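# Observations on chain architecture
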Amino acid sequence: MTQAVEPHGASRSPARDEGISLYVHVPFCLSKCPYCDFNTYQGIESQFGDYLAGVTGEIEAWARALGRPSVNTIFLGGGTPSYLPDGDAGQILESIAGSYRVRDGAEITAECNPNDLTLEKCVELRATGINRISMGVQSMDNGLLAMLGRRHDADEVIGALKCCRRAGFDNVNLDLIYGLPRQTLEQWQDTVERILAQSPEHISMYSLTLEEGTPLRHWVQQGRLPEPDPDLAADMYDLARAELGDAGYHHYEISNWCRAGRESQHNLAYWRNLEWLGVGPGAHSSLAGCRFWTVRSPREYAQKASEWVEMAEPWASATAGRIEGVPTVDGLEVIDEETAAAETMFLGLRLLDGMDVSAASERSGIDLMARYATELAELTTDGLLVWDADGRVRLREEAYLVANQAFTRFLP
């Protein structure tokens, strides 16, 4: 890290009126899926108690340091938040409510595995104030689910969704993965149609990435599974777009669809390059012109969080130096103006309704239109971007599958 670099937006305070988003990382899984490279662990249930003390302590310590900022959205991710012992999610949310000014009607999401969602579990989660469930479905083909190491089958997905409805959840996202080894277009179409028959409010669809170090990547390298076919994956994406469009879903981000008004407010904060705080082992944050991350080991994290509770005091402002001194922070990157501008552009262009460059310039404090006049003109001429009558710029539909060709033009 080079401290001589001036953090972009360092004078901005996360306690300002527009508030922040809050991400809570839960590192526990009953079993780890072979395609997953997230900071998650199986077989460490003995650390549940230490984790809960650590994460609630870290939540409260950051609130003291930052001046009790307002919180717009909360996201419990993992890992498997639904695998936490009964009552733990409620204690985490109580610590947030007691330490921050949580906006009325804030979107509060919990990631869940289908076979954790009994009616009793759904009722418990709803009673904590959680109002949005994000369920890791991935496929409705039982053979592919077994290959992915998932703990559920297709029937359990439908049963879990019924339990969510009975418990009062009216905002449910279902995550799907396409482009899997051995997956056919017919299997994918069957998954899409069976998911649409359940009428979830939100659907996320991601093309499989063979992440470095994962068992699934190793199996493909060994020849135990075939290499995923990118052309077939593109056909799957196009099929899904057509099916979801016909069913009335709004395609609002490259990989996300929703019913009217059901966009993920938490993820919109990421795509708009706003500020967020991440707590828990390995969580990432973006505050005060810095990007930083916590220690990854759950055991070390709990110890460091205890140290942070003891030393936390109110800050006049958040700076790179102060953040670097927080015990739970494992690393920090200063975001200069050039990087901030580039990230604002390529994150904003993921939103398919278009990007208001003037509004984004005002939020970021950077004249994006002037900075990227050449790139915007060339990408428009090349047919990757189009300008709407209201002055918004967006990806052309034909560019959705090659969006990185546009995004990389903004990189330093």
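Residues numbered from 1 in each chain as written. Predicted model: local features only at pLDDT ≥ 70, side-chain atom pairs only at ≥ 80, totals over all residues. Heavy atoms only, no water.

The next thing to look at is the pairing of strand E4 (residues 70-78). Most of E4 sits out of view: 8 of its 9 residues are buried. Two elements, strand E1 (residues 20-26) and E4, share 7 bridges in a ladder whose sense is parallel. Residue pairing in the sheet places Val24 in a bridge with Leu76 of E4. Following the chain from E4 across helix H2 (residues 88-99) to the adjacent parallel strand E5 (residues 101-112), one finds a crossover that is right-handed. (Buried < 20%, exposed > 50% of the residue type's maximum accessible area, 1.4 Å probe, protein only. Helix = DSSP H or I, 4+ residues; strand = E, 2+ residues; numbered from the N terminus. Pairing = 2+ DSSP bridges. Right-handed = clockwise from strand over helix to strand, strands pointing away.)

The next subject is the pattern of salt bridges. Following the criterion strictly, the structure yields 15 salt bridges and no others. Among the ionic pairs, Arg409 bridges to Asp382, the shortest N-O distance being 3.5 Å. With Arg409 in the segment after helix H16 (403-407) and Asp382 in the loop between helix H15 (373-381) and strand E15 (385-387), the pair connects residues that are 27 residues apart, well separated along the chain. Beyond isolated ion pairs, a larger network of salt bridges with shared partners links Asp86, Lys121 and Glu124. (Salt bridge = Lys/Arg side-chain N within 4 Å of Asp/Glu carboxyl O.)

Inside soluble globular proteins, nonpolar side chains tend to come together where they are buried. Membership of the largest hydrophobic core comes to 109 residues, with the highest contact counts inside it found for Trp62, Met205, Leu277 and Leu395. In terms of residues, this core owes the most to one element, helix H1 (residues 48-66), which gives 10 residues. Excluding residues within four positions of it along the chain, Met205 makes contact with Leu176, Tyr178, Trp188, Val192, Ala240, Leu244, Ser255 and Trp257. One finds Ile177, Leu210, Val220 and Leu225 within the second-largest nonpolar core, a separate group that totals 13 residues. (Core = buried A, V, L, I, M, F, W, Y, C linked by side-chain atoms within 4.5 Å. Contact = heavy atoms within 4.5 Å.)

Take the environment of Ile130 next. Mapping Ile130 onto the fold places it in the loop between helix H3 (119-127) and strand E6 (132-138). Sequence spacing of Ile130 and Glu243 is 113 residues, and the spatial spacing of their C-alpha atoms is 30 Å. Residues contacting Ile130, with those up to four places away along its chain left out, are Leu93, Ile108, Ala110, Leu125 and Phe169.

The two faces of the sheet receive side chains in turn, since in a regular strand these alternate between them. Pairing between strand E9 (residues 250-253) and strand E10 (residues 256-258): 3 bridges, direction antiparallel. Bridge pairing links His250 to Cys258 in E10. Count of turn residues in the E9/E10 antiparallel hairpin: 2 residues.

With that out of the way, let us pick up the packing of helix H6 (residues 185-196) against helix H8 (residues 230-246). Where H6 meets H8, the closest approach of the two axes is 10 Å, and the angle between their N-to-C directions is 25°. Classified by the angle their axes make, H6 and H8 are roughly parallel. Both H6 and H8 take part in a crossing whose hand is right-handed. Contacts from Leu185, Trp188, Gln189, Val192, Glu193 and Leu196 of H6 reach H8 at Leu232, Asp235, Met236, Leu239, Ala240, Glu243 and Leu244. By residue class, the composition of the contact of H6 with H8 is 9 nonpolar, 1 polar and 3 charged. (Axes fitted to C-alpha atoms, helices over the stretch in contact; angles between N-to-C directions. Parallel < 35°, antiparallel > 145°, perpendicular 65-115°, else oblique. Left-handed = near helix turned anticlockwise from the far one by under 90°. Nonpolar A, V, L, I, M, F, W, Y, C, P; charged D, E, K, R; others polar.)

Taken as a whole, this structure holds 15 aromatic pairs when the rule is applied. Taken together, a centroid distance of 6.2 Å and an interplanar angle of 25° make the contact between Tyr23 and Phe75 stacked. One end of the pair, Tyr23, is in strand E1; the other, Phe75, is in strand E4, with 52 residues separating them in the sequence. By relative accessible area, which is 15% here, Tyr23 ends up buried. In this structure Phe75 comes out as buried when scored by relative accessible area, which is 8%. Considering the side-chain rings of Tyr372 and Phe410, the 5.1 Å spacing of their centres and the 90° angle between planes classify their relative orientation as edge-to-face. Pair noted here: Tyr372 is in the loop between helix H14 (368-371) and H15 and Phe410 is in the segment after H16, with a separation of 38 residues, a long-range link. The exposure class of Tyr372 is buried, given its relative accessible area of 5%. (Phe/Tyr/Trp six-rings, centres within 6.5 Å; stacked < 30°, edge-to-face > 60°.)

Our focus in this paragraph is the state of the cysteines. Here a disulfide denotes one covalent bond, and it connects the sulfur atoms of two cysteines. Within the structure shown, the criterion is met by 0 disulfides. With no disulfide of its own, Cys29 has Cys36 as its nearest cysteine by sulfur position, at a separation of 6.5 Å. With no disulfide of its own, Cys258 lies 18 Å from the sulfur of Cys164, the closest cysteine sulfur. Assessed through its relative accessible area of 0%, Cys258 is described here as buried. (Disulfide = S-S within 2.5 Å.)

For Gly348, the position within the fold is in helix H12 (residues 337-348). Distance in space between the C-alpha atoms of Gly348 and Ser95 is 32 Å, their sequence separation being 253 residues. Other than its neighbours up to four places away in sequence, Gly348 contacts Trp271, Glu343 and Met355.

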